[in-house]
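Survey of secondary and tertiary structure
The primary structure of each chain is shown beneath.
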Amino acid sequence: MVAISNLAVLSLLFLFVYSLIGKQFFHGDMIDEDGAVTRYHFNTTHDAMITMFIVLTGENWNYVMSTVAYHHKGQEVLSVIFFVSAVLIGNFMLLNLFLAILLKYLQDAVD
């Protein structure tokens with residue numbers, strides 16, 4: 001049970017750090033295709049963490065990246081690097097930690 005709580009804390013720390021980085025570089029309202037303010041934004045830490053959670057789960061992360069790149073002119077390359085690194089590092093980290101926990105429990109079951 002301790003390993004799962006460590007995984008949760010590390011995941012929340014990753015989300016928090018990337019949310020603060022996103023809040024620093026991509027603060028401001030963004031408009032979607034319908035003319036309404038999009039729910040994917042980095043205006044508050046809470047909304048930034050929700051946005052980064054959506055990105056980390058892989059749910060429509062490329063739409064979020066293109067929306068951020070469109071509304072922050074001059075930072076298109078930065079937004080691509082930010083979102084691709086978040087997806088790659090986040091998924092790689094979570095997969096490795098999950099597999100390590102799983103292998104530990106399997107090894108304990110064999111012993």
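The preceding data block contains the structure.
Worth saying up front: this structure is predicted, and the values here are computed from it rather than measured. Position labels on residues start from 1 in each chain and follow its written sequence. With the structure being a predicted model, the display of local features is reserved for residues of pLDDT at least 70 and the display and counting of side-chain atom pairs for 80 or more, all residues being used for whole-chain, interface and lining totals. Each side-chain value is derived from all of the structure's non-hydrogen atoms; neither hydrogens nor water enter the calculation.

Only Phe, Tyr and Trp rings take part, Trp by its six-membered ring, and two of them pair if their centres are within 6.5 Å. Stacked means planes under 30 degrees apart, edge-to-face means over 60, and tilted covers everything else. Within the structure shown, the criterion is met by 10 aromatic pairs. Each ring, one from Y40 and one from Y63, has its centre 5.9 Å from the other, and the planes form 70°; the classification is edge-to-face. Taken together, the positions of Y40 in the loop between α1 (2-25) and α2 (45-57) and Y63 in helix α3 (residues 61-71) put the pair 23 residues apart, joining distant regions of the chain. Buried residues are those whose accessible area, probed at 1.4 Å on protein chains only, stays under 20% of the maximum for their type, while exposed residues exceed 50% and partly exposed ones sit between those limits. Assessed through its relative accessible area of 7%, Y40 is described here as buried. Consider the rings of F42 and F83, whose centres lie 6.3 Å apart with planes at 50°: the pair is tilted. Here F42 is found in the loop between α1 and α2, whereas its partner F83 is found in helix α4 (residues 76-110), with 41 residues between them in sequence. No difference in accessibility class separates F42 from F83, as the two residues are buried. In this text, helices come from DSSP runs of H or I with a minimum length of four residues, and strands from runs of E with a minimum of two, each type numbered from the N-terminal end.

A general tendency of soluble globular proteins is for nonpolar side chains to be buried together. Counting residues in hydrophobic clusters, the biggest one holds 20 residues, and the most contacted among them are F42, M52, V68, F82 and F83. Residue assignment for this core shows that the elements contributing at least two residues are α1, α2, α3 and α4. Among buried residues, the Ala, Val, Leu, Ile, Met, Phe, Trp, Tyr and Cys ones that are joined through side-chain atoms within 4.5 Å form a nonpolar core.

Before going further, it helps to examine the packing of α2 against α4. Here an angle of 0 to 180 degrees is reported between the N-to-C directions of two axes, which are lines fitted to C-alpha atoms, with helices fitted over the stretch in contact. Interaxial distance between α2 and α4 falls to 9 Å at its minimum, and their mutual angle equals 65°. With respect to their mutual orientation, α2 and α4 come out roughly perpendicular. As for how α2 packs across α4, the hand of that crossing is right-handed. Every residue of α4 that contacts α2 at M52, V55 and L56 is listed here: F82, F83, A86, V87, G90, N91 and L94. We call two directions roughly parallel when the angle between them is under 35 degrees, roughly antiparallel when it is over 145, roughly perpendicular when it lies between 65 and 115, and oblique otherwise. We call a crossing left-handed when the near helix sits turned anticlockwise from the far one by less than a right angle, and right-handed when that turn is clockwise. Here a residue-residue contact requires only that any non-hydrogen atoms of the pair lie within 4.5 Å.

Multiplying 1.5 Å by the helix residue count minus one yields the expected span of that helix. Taking 1.5 Å per residue, 35 residues should reach 51 Å; α4 reaches 51 Å between its end C-alpha atoms and fits that length. Within α4 the residues assigned to the buried category are S79, F82, F83, S85, A86, V87, G90, M93 and I101.

What follows is about α3. Those residues of α3 that sit buried are V64, M65, T67, V68 and A69. At its buried positions, α3 is contacted by α2 and α4.

What follows concerns a nonpolar patch on the surface. Any residue with relative accessible area above 30% and no salt bridge may belong to a patch, with like charges joined within 9 Å and the nonpolar Val, Leu, Ile, Met, Phe, Trp and Tyr side chains within 5 Å. The accessible surface values rely on the Shrake-Rupley method and a 1.4 Å probe; as for residues, cover is taken only from the protein chains in view. Salt bridge, as used here, is a side-chain nitrogen of Lys or Arg placed within 4 Å of a carboxyl oxygen of Asp or Glu. The grouping of L10, L13, F16, V17, L20, I21, F25 and L78 at the surface amounts to a nonpolar patch, some 610 Å² of accessible area in total. It is α1 that provides the largest number of residues to the nonpolar patch, a total of 7 residues. Within the secondary structure layout, L10 lies in helix α1.

Okay, unusual backbone geometry next. Positive phi values are uncommon outside glycine, yet N60 reaches one of about 60°. Among the structural elements, N60 can be located in the loop between α2 and α3.

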